Amino acid sequence: MKKSNVTRKIDPRLGLLGFLGLLGFAGIWTYRLDHTVFPFLFFGFFGFFGFYFEGKMSGTLMDERFLQNKLRAEHAAYRIGFWIAFFALVLTTVNDRMWIRLTGASDPLWVNNGKLLFLTVALALAAALALFLSQYLLYRYDHEPLDESEY
Amino acid sequence: MDGFFCDLKKYRLLKGLTQEQLAQMVGVRRETVMRLEKAQYNPSLKLAFDIAKAVEAPIDVLFRFED
């Protein structure tokens, strides 16, 4: 099958799906109910805001400049996402006493639950940020204003 | 882009081509040709060769790097 050299057609209004990320706040309720942290993963849906910028670039011919900008944008976005995830992981590996000092938690049971909750939220937000930034930066790089002063 | 010079516009106009026509001939977008003409994009060797062929001008005349 021949690969298309045009970006996929997407309605920029699909970016509104990013508001699904608000479902992540349901985690506060479920956590209080039975310590379920899974719904916090829905914060990852904030990444769908990137559809807005992808939609604005629908049907664009992917020439070499576009592909270069795409690599540049993805590199920057994934690097930021990776470092957020990495620092979140480092923070959760500190010993319990330091964690209690950092968070002010008094209940020892809260320590591991708190770490899990923190890591879940941080990873979901890192993924969302990486997804969004890869599209936003691509749009920005591709639409950098021409510097008229050089000619 | 420092030290990069491009004389594409002159040779394109000599050939009587529009930016859109040249872009189609070499398989890029018009914006890419625009940025090339303003020396704000450094093309790949293949694109540089394709453009040189399209406007029938030597590649070293079209694109120059100076310190």
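Refer to the structure presented above.
All of these numbers come straight from a predicted model, not from anything done at the bench. (Residues numbered from 1 in each chain as written. Chains lettered and ligands numbered in written order. Predicted model: local features only at pLDDT ≥ 70, side-chain atom pairs only at ≥ 80, totals over all residues. Heavy atoms only, no water.)

With that settled, consider the overall build of chain A. Broken down by element type, chain A carries 5 helices and 0 strands. Element order for chain A, N to C, with α for helix and β for strand: α-α-α-α-α. A compact globule built from 151 residues should have a C-alpha radius of gyration of about 15 Å, whereas chain A, at 20 Å, is more than 25% larger. Residues classed as buried in chain A amount to 36% of the 151 residues present. When the accessible surface of chain A is totalled, it reaches about 9,700 Å², and 68% of it is carbon and sulfur. Here chain A holds 15 positive side-chain charges and 13 negative ones, and the gap between their average locations is 6 Å. (Helix = DSSP H or I, 4+ residues; strand = E, 2+ residues; numbered from the N terminus. Rg over C-alpha atoms; globule rule 2.2 N^0.38 Å. Buried < 20%, exposed > 50% of the residue type's maximum accessible area, 1.4 Å probe, protein only. Areas by Shrake-Rupley, 256 points an atom, 1.4 Å probe, with all protein chains shown as cover. Lys, Arg positive; Asp, Glu negative; His and termini not counted. Charge placed at Lys NZ, Arg CZ, Asp CG, Glu CD.)

Take the interface of chain A and chain B next. Tallying the contact residues gives 16 residues for chain A and 17 residues for chain B. Overall, the association of chain A and chain B removes approximately 1,500 Å² of surface from exposure, summing both partners, and the carbon and sulfur fraction of that is 43%. Put simply, chain A and chain B have 2 salt bridges between them. The closest approach of N and O atoms between Arg29(B) and Asp142(A), which form a salt bridge, is 2.8 Å. If you look at where chain A meets chain B, you find 9 residue pairs in polar contact (both at pLDDT 80 or more). Sorting elements by how many residues they give to the side of chain A that touches chain B places helix 3 (residues 64–92) of chain A first, with 4 residues. The residue makeup of the side of chain A that touches chain B, split by class, is 5 nonpolar, 3 polar and 8 charged. (Contact = heavy atoms within 4.5 Å. Buried area = accessible area lost by both parts, 1.4 Å probe. Salt bridge = Lys/Arg side-chain N within 4 Å of Asp/Glu carboxyl O. Polar contact = N/O pair within 3.5 Å; in protein donor to acceptor, adjacent residues only side chain to side chain. Nonpolar A, V, L, I, M, F, W, Y, C, P; charged D, E, K, R; others polar.)

A separate point is the nonpolar core. Judged by nonpolar contacts, the single largest core of 22 residues is most densely connected at Leu8(B), Leu22(B), Ile51(B), Val55(B), Leu62(B) and Phe63(B). Of all the elements in the fold, those that place two or more residues in this core are strand 1 (4–6), helix 1 (8–14), helix 2 (19–26), helix 3 (30–37) and helix 4 (45–55) of chain B. When near neighbours in sequence (up to four residues on either side) are disregarded, Leu62(B) contacts Phe5(B), Cys6(B), Asp7(B), Leu8(B), Tyr11(B), Ile51(B), Ala52(B), Val55(B) and Ala57(B). Core analysis: the second largest hydrophobic core is formed by 11 residues, Ala73(A), Ala77(A), Leu133(A) and Tyr139(A) among them. (Core = buried A, V, L, I, M, F, W, Y, C linked by side-chain atoms within 4.5 Å.)

Here the focus is the packing of helix 2 of chain B against helix 3 of chain B. Residues and elements named next belong to chain B. Contact geometry of helix 2 with helix 3 gives a least axis separation of 8 Å together with a crossing angle of 110°. If you check the angle between helix 2 and helix 3, you find them roughly perpendicular. Here helix 2 contributes Gln19, Glu20, Leu22 and Ala23 to the contact with helix 3, which in turn contributes Arg30, Val33, Met34 and Glu37. Classifying every residue of the contact of helix 2 with helix 3 by side-chain character gives 4 nonpolar, 1 polar and 3 charged. (Axes fitted to C-alpha atoms, helices over the stretch in contact; angles between N-to-C directions. Parallel < 35°, antiparallel > 145°, perpendicular 65-115°, else oblique.)

Attention now goes to the packing of aromatic side chains. By convention here, two paired aromatic rings are described through the distance between centres and the angle between planes. Residues and elements named next belong to chain A. Throughout the structure, instances matching the rule amount to 21 aromatic pairs over all chains. Centroid distance Trp83 to Phe86: 5.5 Å. Interplanar angle 90°. Geometry classified as edge-to-face. With Trp83 and Phe86 both in helix 3, this residue pair falls 3 residues apart, about one helical turn. Taken together, the ring pairs connect Phe19, Phe25, Phe40, Phe43, Phe46 and Phe49 into an aromatic cluster. Positioned above the aromatic ring of Tyr141, the side-chain terminus of Arg72 is 3.7 Å from the ring centre. (Phe/Tyr/Trp six-rings, centres within 6.5 Å; stacked < 30°, edge-to-face > 60°. Lys NZ or Arg CZ within 6 Å of the ring centre and 35° of its normal.)

The subject of this paragraph is a nonpolar patch on the surface. Nonpolar side chains collect at one region of the surface, where Leu16(A), Phe19(A), Leu22(A), Phe25(A) and Ile28(A) lie side by side and expose about 490 Å² of accessible area between them. Following the sequence through the fold, Leu22(A) ends up in the segment before helix 1 (26–34). (Patch = residues over 30% accessible without salt bridge, like charges linked within 9 Å, V, L, I, M, F, W, Y side chains within 5 Å.)

Here the idea is simple: oppositely charged side chains can pair when their charged atoms come close. Residue and element names in this part refer to chain B. Within the structure shown, the criterion is met by 11 salt bridges over all chains. Linking Arg64 and Asp7 is a salt bridge whose minimum nitrogen-to-oxygen distance equals 3.4 Å. Of the two residues, Arg64 sits in strand 2 (residues 63–65) while Asp7 sits in the loop between strand 1 and helix 1, which places them 57 residues apart along the sequence. The residue Asp50 makes a salt bridge to Lys46 at a minimum N-O spacing of 2.8 Å. Here Asp50 pairs with Lys46, and both are found in helix 4, just 4 residues apart, close to one helical turn. For Asp50, a relative accessible area of 24% corresponds to the partly exposed category.

Read these as geometric descriptors, not functional statements.
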